[in-house]
Amino acid sequence: MYLINFSPEGWESWDVAHQPLIRDQMPVLIDADLLFEDAHGGPRPTVYVNEWLRNLPLNGAPALRTWENNAGCLRDWMVFLKARGVDLLDDRKVLRAALSMYAQYRLAGPLEARWDHTTWNLHVGILSYFYRWARDEGLPVTVPFTYQAGKRMAQGVLVDVERNLAKVRQPRPHTTIKHLERDFSELFVRALEGLGPDGEPDARYRRPREGARNSAMGGLVLSSGLRKKEFTHLTIYEVPPLPPRPTTLPVLFPLARAITKGEKDRTTWIHYDRLAAMHQYIDLDRAASAEGFRWRPPAKLGPMLLVENPDWEGAHLNGVRRSWRKLRPRERLCLVTPEGQSPLVGLQSTGKPFVDWATVFRRTSARIRERYEPRFPKVAPHRLRHSMAMQTLEWLMTGYYQRAAALVSDTGDDAAMALYLLKNDPMLILRDLLGHWSVTSTELYIARLDVNRIFRDAYKATPVGPDPAVAREVAAEFSDEETD
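About the cut-offs
- Residues numbered from 1 in each chain as written.
- Predicted model: local features only at pLDDT ≥ 70, side-chain atom pairs only at ≥ 80, totals over all residues.
- Heavy atoms only, no water.
- pLDDT = per-residue confidence, 0-100.
- Contact = heavy atoms within 4.5 Å.
- Pairing = 2+ DSSP bridges.
- Helix = DSSP H or I, 4+ residues; strand = E, 2+ residues; numbered from the N terminus.
- Expected span 1.5 Å × (residues − 1).
- Polar contact = N/O pair within 3.5 Å; in protein donor to acceptor, adjacent residues only side chain to side chain.
- Buried < 20%, exposed > 50% of the residue type's maximum accessible area, 1.4 Å probe, protein only.
- Phe/Tyr/Trp six-rings, centres within 6.5 Å; stacked < 30°, edge-to-face > 60°.
- Lys NZ or Arg CZ within 6 Å of the ring centre and 35° of its normal.
- Salt bridge = Lys/Arg side-chain N within 4 Å of Asp/Glu carboxyl O.
- Patch = residues over 30% accessible without salt bridge, like charges linked within 9 Å, V, L, I, M, F, W, Y side chains within 5 Å.
- Areas by Shrake-Rupley, 256 points an atom, 1.4 Å probe, with all protein chains shown as cover.
- Lys, Arg positive; Asp, Glu negative; His and termini not counted.
- Charge placed at Lys NZ, Arg CZ, Asp CG, Glu CD.

On to the confidence of the model for the protein, then. In this model, the protein carries an average pLDDT of 86, and 88% of its residues clear a pLDDT of 70 or more. Overall, residues 457–461 carries pLDDT values under 50, and its contacts beyond four positions in sequence, including any with other chains, amount to 10 contacts.

A word on the sheet that holds strand β10 (residues 335–336). Strand order in the open sheet formed by 4 strands is β9-β8-β7-β10, and the pairing between neighbours is mixed. On the outer flanks of this sheet lie β9 (320–323) and β10, each paired with one strand and no other. Both strand β8 (residues 314–317) and β9 contribute to a ladder of 4 bridges, which runs antiparallel. When the bridges of β9 are listed, His-316 appears paired with Arg-321.

Let us now look at helix α4 (residues 117–136). Counted at 1.5 Å a residue, the expected span for α4 with its 20 residues is 28 Å, and the 29 Å between its end C-alpha atoms agrees. The distance from a side-chain oxygen at the start of α4 to the backbone nitrogen of Thr-118 is 3.2 Å, and the residue carrying that oxygen is Asp-116. One or two residues past the end of α4 sits Gly-138, with phi positive at roughly 85°.

The next thing to look at is the pairing of strand β2 (residues 27–30). Here β2 shows two buried faces, one formed by Pro-27 and Leu-29 and the other by Val-28 and Ile-30. Where strand β1 (residues 2–5) lies against β2, 4 bridges are found, and the strand directions are antiparallel. By the bridge assignment, Asn-5 is partnered in β2 with Pro-27.

Within this structure, the stated rule accounts for 19 aromatic pairs. Considering the side-chain rings of Phe-6 and Trp-14, the 6.0 Å spacing of their centres and the 75° angle between planes classify their relative orientation as edge-to-face. Relative to Tyr-131, the ring of Phe-130 has its centre 5.3 Å away and its plane inclined at 70°; by these criteria the two rings are edge-to-face. In this pair, the class of Phe-130 matches that of Tyr-131, namely buried. Among the aromatic residues, those joined into a cluster by ring pairs are Phe-184, Phe-188, Phe-231, Phe-354, Trp-357, Phe-361 and Phe-376. Above the face of the Phe-80 ring, Arg-84 is positioned so that its terminal group lies 3.7 Å from the ring centre.

Glancing now at the pattern of salt bridges. Taken as a whole and assessed by the stated rule, the structure comprises 16 salt bridges. Ionic pairing is found between Arg-44 and Asp-38, a salt bridge with its closest N-O pair at 3.3 Å. The buried category is assigned to Arg-44, whose relative accessible area is 13%. A salt bridge links Glu-230 to Arg-266, with the shortest nitrogen-to-oxygen separation between them at 2.7 Å. Within this pair, whereas Glu-230 is found in helix α7 (residues 228–232), its partner Arg-266 is found in strand β6 (residues 266–270), the two being separated by 36 residues in sequence. Using a relative accessible area of 0% as the deciding quantity, one classes Glu-230 as buried. Judged by relative accessible area, which is 6%, Arg-266 ranks as buried. Connected through shared salt-bridge partners, Asp-31, Asp-33, Asp-38 and Arg-44 make up one network.

Moving on, we get to a positive patch on the surface. There is a patch of like positive charges on the surface, built from Arg-362, Arg-363, Arg-369 and Lys-378. Relative to the elements of secondary structure, Lys-378 occurs in the loop between α10 (357–371) and α11 (381–397). Given a relative accessible area of 52%, Lys-378 falls into the exposed group.

Here we come to the pairing of β8. Sheet analysis places strand β7 (residues 305–308) next to β8, joined by 2 bridges and oriented antiparallel. The partner of Val-307 across the bridge, within β8, is Leu-317. Turn length for the β7-β8 hairpin, with the two strands adjacent in sequence and antiparallel, is 5 residues, and the turn residue Asn-309 shows positive phi of about 50°.

A cluster of nonpolar side chains, namely Tyr-2, Ile-4 and Leu-34, defines an oily patch on the protein surface of about 310 Å² accessible area. Along the chain, the position of Tyr-2 falls in strand β1. By relative accessible area, Tyr-2 is classed as partly exposed at 45%.

With that out of the way, let us pick up the environment of Leu-306. Relative to the helices and strands, Leu-306 resides in strand β7. Looking at Leu-306, the relative accessible area reads 28%, which means it is partly exposed. Between the C-alpha atoms of Leu-306 and Leu-335, which are 29 residues apart in sequence, the distance is 6.0 Å. Apart from residues lying up to four places away in sequence, Leu-306 is in contact with His-316, Leu-317, Asn-318, Val-336, Thr-337 and Pro-338.

See below:
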């Protein structure tokens, strides 16, 4: 079975009257014989799966990665079923028997096919959504899963909840901490630069040429909570300007919606010291990397976009004024300044845009474990986002930002930020910084990071997910980590 991403390019030659109503880059499943109908003319299961995929953007899943995760899940399931002579929309009893075999295959089968419990639960959730959609659409199928119903108090109201019994019970949150404590965060930023725990150069390790870049970017993500796609495709023009003097309160950091998850408008923040380190990298090390190098985007990415008259809001691209907010990742890789350089923040020593941050973070964490701290975890880009969330919440709950805001308010400096911090609930502030739709998503997200240490009471008052959109948003935070 093939999984492709649809492209409307050249549709005029397809012998159709109108352009197909399929979104660009939408995943499409196709059987190996390239047919969508059986011999008797009936639609194959791929027809229904593709219809369900096309509905995802209208059902709270606007991101391409979410579409691809859902399509991959259904493809794997259909391939497994076909090998055992079972149809995707078969009898409930047959599907449940196949599901039992699938669980054994994925949780205790061959090493190359084995999943951990988190991945299994994510796929079970996707299959559950599909089968419920198929049932609601009137297709000849019954949902093969069994659900346990119950009730829970949420903000003083008794609500109905349910749990899919096919999902594997998770360990208690304190055994699956997914963030770095403050001392580990500092150790990581120093190691990215090639320094030891004391901040001195590591004599046993040749400092990387891109050490300043790696350290500045790691610190930026730990302070702002940007996702990998967001910081990888950030341009130097979108980095907030450095305040004229050090400030205790964070600096606002607007993000372009074209590179955020779900293309949602979002403003996070960054602390002064991390922002200063980023500006130092841009002015010195990055400038040295870009000097004398001419960037020419590969033709497969699209036409080159010449940047002229850039500012914080946008620039003239090939003579037309455009906003940074509308530029998608691929278009950002095509940007070229009048000097012939890429304007992306992260550059290789040759001046070429750098995108493989997962490898840098993984190798750095491995080096820390080997030389300094055997307890140090494997760090993927999304773990730094988790770390920012926990550090921010801890400071909000202990009054650090509120005390700083009160001081600033008294002096009349940055009054808007001070008022925001003094008047808003910590979970609402964190929701805005992370870009979640609902504060319930933020509470569940925090609970899965470390329920015992900081915000246990908020989780006890939160339902396990009566709203499917909330459950999907929380699950997406951790599925991003798995794909890093």
